[in-house]
Amino acid sequence: MIFPVEKLINAAVAARERAYAPYSNFRVGAAILTKEGRYYTGCNVENVSYGLTCCAERVALFKAVSNGERDFEAIAVTAGTEDYCAPCGACRQALAEFGAKIKVYMVNRAGDYRMRTVAELLPEAFSQETLNSEADGHNDHKTITKLIEPVNR
C-alpha cells in the first residue's frame, strides 16, 4: 500500500499535543496505520502511580484493536526530541502481537525519521509460536536434572 509517511508522522505530532504527562513532561504521540489505509492516533497518558501509565504506541494500537482492526502496516512515534523516539519494550511486545513486519517510524524534532520493523526492534519476541512449542513439548531446552539450592548470605 502506498501511504505518505509524512501524513502518518503529522498525525503522530498532532497526537503528541494531547499527551497527559504532568510528571515526566515527556510528551509522546503515535499514529498506527492499518493495511486498509485507516490510521488511529494515541498519546501517552501518565498516572501518579507510574506503573499505570500507558504509552502513546499502545494507546493508538488499543484504539485500533477496539475498533476491530488486526492488520497493521506501520506506526509513527515522536516525542519532539532531538533523538529518534523508539518504542519501549512493552510497546514493542504489544506491536509484535500483531506482526513482526510492522514498520516503526521513529521520528525526531525535525521530522526526520529512522525506520525499523518490529522484528528488528524486538528479535526473538515472545509469540503464539512460543506458547505452541512449549505446550506441544517441542522445545530446544535441556531437562534440568539437578537443582542446586541458592546460597543465602
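Residues numbered from 1 in each chain as written. Predicted model: local features only at pLDDT ≥ 70, side-chain atom pairs only at ≥ 80, totals over all residues. Heavy atoms only, no water.

Below, the discussion takes up the sheet that holds strand β5 (residues 113–117). Read from one edge to the other, the open sheet built from five strands follows the order β2-β1-β3-β4-β5, with strand pairing classed as mixed. Either end of the sheet is taken by a strand with one partner, and the two such strands are β2 (39–43) and β5. When strand polarity is set aside, the average angle formed by the axes of neighbouring strands in this sheet is 20°. Relative to the sheet, helix α1 (residues 5–16) contacts β1 (29–34), β2, β3 (72–78), β4 (103–107) and β5, its axis offset from that of β1 by approximately 140°. (Pairing = 2+ DSSP bridges. Helix = DSSP H or I, 4+ residues; strand = E, 2+ residues; numbered from the N terminus. Axes fitted to C-alpha atoms, helices over the stretch in contact; angles between N-to-C directions. Contact = heavy atoms within 4.5 Å.)

This paragraph deals with the pairing of β1. In terms of burial, β1 is largely enclosed, as six of its six residues are buried. The side-chain alternation of β1 yields two buried faces, one formed by Gly 29, Ala 31 and Leu 33 and the other by Ala 30, Ile 32 and Thr 34. Pairing analysis gives five bridges linking β1 to β2, with the strands arranged antiparallel. Note on β2: the bridge partner recorded for Leu 33 is Tyr 39. In this antiparallel pair of consecutive strands, β1 and β2, the connection spans four residues, and Gly 37 shows a positive phi of 95°. Inspection of the sheet shows β1 paired to β3 by six bridges, in the antiparallel sense. In the sheet register, Gly 29 faces β3, and the bridge partner there is Thr 78. (Buried < 20%, exposed > 50% of the residue type's maximum accessible area, 1.4 Å probe, protein only.)

Once that is clear, we can look at the pairing of β3. For β3, the tally of buried residues reaches seven of seven residues, placing the bulk of the element in the interior. Relative to β4, β3 runs parallel, the two being bridged by five bridges. Paired with Val 77 across the bridge in β4 is Met 106. With helix α3 (residues 89–96) bridging β3 and the parallel β4, this β-α-β connection has right-handed handedness. (Right-handed = clockwise from strand over helix to strand, strands pointing away.)

Here we come to the side chain of Asn 44. Following the sequence through the fold, Asn 44 ends up in the loop between β2 and α2 (56–66). Among the residues examined, Asn 44 registers a relative accessible area of 6% and is labelled buried. Polar contacts involving the side chain of Asn 44 include one to the main-chain amide nitrogen of Val 28, which spans 2.8 Å. Leaving out residues up to four positions away in the same chain, Asn 44 has contacts with Ala 19, Tyr 20, Ala 21, Phe 26, Arg 27, Val 28, Cys 54, Cys 55 and Ala 56. (Polar contact = N/O pair within 3.5 Å; in protein donor to acceptor, adjacent residues only side chain to side chain.)

For the structure shown, the criterion picks out four salt bridges. Residues Arg 16 and Glu 17 are paired through a salt bridge, measuring 4.0 Å at the closest nitrogen-oxygen approach. A salt bridge links Glu 82 to Arg 109, with the nearest nitrogen and oxygen atoms 4.0 Å apart. Taken together, the residues span a long stretch of sequence, with Glu 82 in the loop between β3 and α3 and Arg 109 in the loop between β4 and β5 at a distance of 27 residues. For Glu 82, a relative accessible area of 67% puts it in the exposed group. (Salt bridge = Lys/Arg side-chain N within 4 Å of Asp/Glu carboxyl O.)

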